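Results of the structural survey
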Amino acid sequence: METAVVAAFAAARNAQRLWAHRPLPERLTVLRRFRGLLARQAVPLAATVRRPVCETLTAQLVPLADACRFIERTASAILRPRPLGVAGRPPWLWGVRSEVRREPLGVVLILTPSNYPLFLPGVQVLQALAMGNAVVLKPSPEGQSAAVALAELLTQAGLDPRLLGLLPVAVESVGAAIQRHPDKILLTGSAESGRSVLRAASSHLIPCTLELSGNDAVFVRSDASLERVVEALLFGLRLNDGATCIAPRRVFAHRSVHAELESRLATALPSLAPIPIAERQRERLVPLVLAARARGAILLGSDRVGEDLSSGPVIVSRATVGMRLMQEDLFAPVLSLMAVEDDAEALGAAAHCPYALGASIFTRDVAAGLDLAARVSAGVVSLNDLILPTADPRVPFGGRGASGFGLTRGREGMEELTRIKVVAVRRGRWMPHLEPAREGDDELFAASLEWTHGTRLSLRWRALLRLVRAAWRRRHQPFVRQESISP
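To keep things clear, this report deals only with the structure shown in the data block. This structure is a prediction, so every number in the text was calculated from the model and none was measured.

At the junction of Gly312 and Pro313, the peptide bond is cis and its omega measures out at 5 degrees in the coordinates. With respect to the helices and strands, Pro313 occurs in the loop between strand E12 (311-312) and strand E13 (314-317). Positioned with a positive phi, Asn240 is a non-glycine residue whose angle comes to about 55 degrees. The topology assignment puts Asn240 in the loop between helix H9 (226-238) and strand E9 (248-254). For Asn240, a relative accessible area of 5% translates into the label buried. Backbone geometry places Ile387, a non-glycine residue, at a positive phi of 65 degrees. When you line up the elements, Ile387 lands in the loop between strand E17 (380-383) and strand E18 (400-401).

Below, the structure written as structure tokens:
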């Protein structure tokens, strides 16, 4: 395994040096061909994922193709050097012209989960390649077929296969990959995985973007359309069998609508197809539900508490802030419902959870919803919808707190796959900073500071007079002898 990791990084580094110097239009031509191939081979590509083909097409391939087109249209503006101009330049930098450039990082290590094996790694790979990087991708065991298919499609589009190396799916390959000193790590996974990767990366000072666990809050205000709320919550529970990082998990409903929302959800549950819950998640879920019930919560739609809860959706109502069920990052079709008196109580209750990836607000009063959105701690907040708005290719995505840091997707995600270089050019012969100091220079600079940054006009004018006198005297002062300091 280690041999395969070493080979993948060596090949990627050699190929990246050439790739970074290819003109951007040539790099984008590869992405454009890839998008065309994706459109023509969408169904067989979707078949590499163990989900219904229609769901994979709509939830993964459509947003992936849109993201690819966004990258094609945006990359040039991001990578174009940005001259700083003279506006705002300090006067003592007269003759200096600076510009900000973005350059490739080098080799990017991408660690991906199993839930969206085409969309999540696909967007990150395309963004990294467009910015001039090479990629080493470590897929999940369930996502290996999808990763191979993506790599083959990019090769068909004209990409040097060395620019996208695939690692063995064994978890040990992550540690071996970090030992090869990638220039950046992108991880999408659990908070537990994030801590482990960050510890390993820190010893090598490798920057990381971590998109980690979620336990998303939904705020249902008193004026919300409960029909819309129920439809959205059930969609969030069903999508990808509930294995979505920004699926709804905690619902804070105004007390005036809580009982009706509980009733509508209980009525809708029997009509839903059972959703299997993975054994690892089930082992975590059962004690949490039992503990919540012991503290007064109820399980909607059945009397299953005490059973194995092998399938969902699982909706726990009458939850309270102190329940562990409201704090944990469960990757399953699970929902907790809590009554609140107002927005302030809802915000306070939501803040008890360490995860802050996404949130949703349902209300007919958009102005009030926007005010609430400004106070919610989350990476993305949707009004009267959930999950779907984040598929907009322009939208950056990232969390706060235990949900990670850094951004993927959107323009901001592309910028994170570059490093900044500033180039400053001095023109002209006036370079007073190279001259030795003269007597009275302390007065000159003190007067200059007060003239340019003082807050009282009268004092600034006095400082200007001091500055003029100091400058005149300076022309007739000898240089100050610089005494050496013995060690």
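Another aspect to go through is the pattern of salt bridges. This model, assessed by the stated rule, comprises 27 salt bridges. With its nearest N and O atoms 2.8 Å apart, the salt bridge here joins Arg51 to Asp241. Residue Arg51 is located in the loop between helix H3 (42-46) and helix H4 (53-79), and its partner Asp241 is located in the loop between H9 and E9; the two are separated by 190 residues in the primary sequence. Of the residues examined, Asp241 reaches a relative accessible area of 24% and is grouped as partly exposed. Arg466 is paired through a salt bridge with Glu443; the nearest N and O atoms lie 2.9 Å apart. Placement of Arg466 in helix H16 (residues 457-474) and of Glu443 in helix H15 (residues 441-453) is noted, with a sequence separation of 23 residues between them.

Along the chain, Thr363 falls in the loop between strand E16 (358-362) and helix H13 (366-375). For Thr363, a relative accessible area of 3% puts it in the buried group. Of the polar contacts made by the side chain of Thr363, one reaches the backbone nitrogen of Asp365; its length is 3.1 Å. Among residues more than four places away in sequence, those in contact with Thr363 are Arg221, Asp223, Ala224, Gly369 and Asn384.

Scoring rules and cut-offs
- Residues numbered from 1 in each chain as written.
- Predicted model: local features only at pLDDT ≥ 70, side-chain atom pairs only at ≥ 80, totals over all residues.
- Heavy atoms only, no water.
- Helix = DSSP H or I, 4+ residues; strand = E, 2+ residues; numbered from the N terminus.
- Buried < 20%, exposed > 50% of the residue type's maximum accessible area, 1.4 Å probe, protein only.
- Salt bridge = Lys/Arg side-chain N within 4 Å of Asp/Glu carboxyl O.
- Polar contact = N/O pair within 3.5 Å; in protein donor to acceptor, adjacent residues only side chain to side chain.
- Contact = heavy atoms within 4.5 Å.

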